[in-house]
Amino acid sequence: MPEGAPQKYVRECRAQDIPVLEKAVPTGRNRYHEARYRRQSEGLSTLLIAYLDDAPAGCGEVRWQGPKESDVRAQFPGCPEINGLTVVPDRRSQGVGTTIIRAAEELAARRGHHRIGMGVGEDNARAFALYLRLGYEDTGYRYLDRYHYLDDHGTRHEVADPCRFLVKSLPPAAARERGVR
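About the cut-offs
Every residue gets a number counted from 1 within its own chain, in the order that chain's sequence is written. Note on the predicted model: pLDDT of at least 70 is required for a residue's local features to be given, and 80 or more for side-chain atom pairs to be given and counted; whole-chain, interface and lining totals, by contrast, use all residues. Calculated side-chain values reflect all of the structure's heavy atoms, with hydrogen atoms and water omitted. Points on a 1 Å grid, built from protein atoms alone, make a cavity when a 1.4 Å probe fits but cannot get out and make a pocket when they are open with protein on both sides within 12 Å along at least 5 of 7 lines; residues with an atom within 4 Å of a point are the lining residues. Grid points are joined across faces, edges and corners, and a volume is the space filled by probe spheres set on the points. Put simply, DSSP H or I for four residues or longer makes a helix, DSSP E for two residues or longer makes a strand, and each gets a number counted from the N terminus. When residues are grouped by polarity, Ala, Val, Leu, Ile, Met, Phe, Trp, Tyr, Cys and Pro land in nonpolar, Asp, Glu, Lys and Arg in charged, and all others, Gly among them, in polar. At least two bridges found by DSSP between two strands is the condition for calling them paired. Put simply, a salt bridge is a Lys or Arg side-chain nitrogen that is within 4 Å of an Asp or Glu carboxyl oxygen. Burial classification: accessible surface area is computed with a 1.4 Å probe over protein chains only, and a residue below 20% of its type maximum counts as buried, one above 50% as exposed, and the rest as partly exposed. Note on definitions: angles span 0 to 180 degrees between N-to-C directions of axes, and those axes are lines fitted to C-alpha atoms, for helices only across the stretch in contact. The contact definition used throughout considers only heavy atoms, calling two residues in contact when any of these lie within 4.5 Å.

Trainee: Can you tell me about the layout of surface pockets, naming the residues and giving the values?
Mentor: Computed from the structure, the largest pocket encloses a volume of approximately 1500 Å³. Forming the boundary of the largest pocket are 50 residues, of which Gly84, Leu85, Thr86, Asn124 and Tyr131 lie nearest the centre. For the lining of the largest pocket, the secondary-structure elements that each account for two or more residues are helix H2 (32-41), strand E3 (55-63), strand E4 (81-87), helix H4 (96-110), strand E5 (115-121), helix H5 (125-133), strand E6 (137-150) and strand E7 (156-169). Element by element, the count of residues in the lining of the largest pocket is highest for E4, at seven residues. Class assignment of the residues belonging to the lining of the largest pocket gives a composition of 19 nonpolar, 15 polar and 16 charged.

Quick look at the structure:
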């Protein structure tokens, strides 16, 4: 690593990380980080936070029960999903998203999973290109990512974003430890 380059690492979210993460990646009234941490506490997911030096630069959740959307989960049973991948705007194009994805893949392989998936918005060509470069394959499965959010006035908005589902095969954890890809 070049001298003076920021130190990049990923770790599992801890309770004390939530306020710091919220400041770096604000979710406001929606409290998404708290909900993700609650799922993690229940063993349903793992919330990963990427740091550049000691400041949060992004986050993503690995949902162990499979994709968030029931129709996607039915098509890809037993496939953990990387969900809510977010990078702080001024930290984009610095490898933060890739670092989170790689950490999620490592974690899934260590847990014995042979594949991992993620959705990407039909209108997000940049992310789609990144995921393909990282070895994800377009399954051809299209779906609507349904969610809601509260605006600054507390008004609830329903959203249905057209997405495609991507999957990557993972080598067994032992092969990854030997450096076999």
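Alright, that's what it looks like, and here's the rest.
Trainee: Break down the pairing of E6 for me, with residues and values.
Mentor: Where E6 and E7 come together, 11 bridges link them in antiparallel fashion. Note on E7: the bridge partner recorded for arginine 146 is alanine 160. In textbook terms, the turn of a hairpin is the stretch between consecutive antiparallel strands, and for E6 and E7 this stretch comprises five residues, one of which, glycine 154, has a positive phi near 85 degrees.

Trainee: Quick rundown of the pattern of salt bridges? Include the residues and the values.
Mentor: Scanning the entire structure with this criterion turns up 15 salt bridges. Put simply, aspartate 17 and arginine 11 hold a salt bridge, and the shortest N to O gap is 3.0 Å. Across the salt bridge formed by arginine 14 and aspartate 17, the nearest N and O atoms sit 3.1 Å from each other. Aspartate 17 sits in the buried class, given a relative accessible area of 5%. Ionic contacts of the salt-bridge type, sharing partners, join the residues Arg36, Arg39, Glu61 and Arg63 into one network.

Trainee: Lay out the sheet that holds E4 with the relevant residues and their values.
Mentor: Here we have seven strands laid out as an open sheet, ordered E1-E2-E3-E4-E5-E7-E6, and mixed in their pairing. The outermost strands of the open sheet, each flanked by one partner alone, are strand E1 (8-12) and E6. Geometrically, the sheet is characterised by an average inter-axis angle of 30 degrees between neighbouring strands, direction not taken into account. As defined by bridge partners, strand E2 (residues 45-52) adjoins E3 across eight bridges and the pair is classed as antiparallel. Directly across from tyrosine 51, in E3, lies its bridge partner proline 56. In the packing of H5 onto the sheet, contacts are made with E4, E5, E6 and E7, and the angle to E5 comes to roughly 160 degrees.

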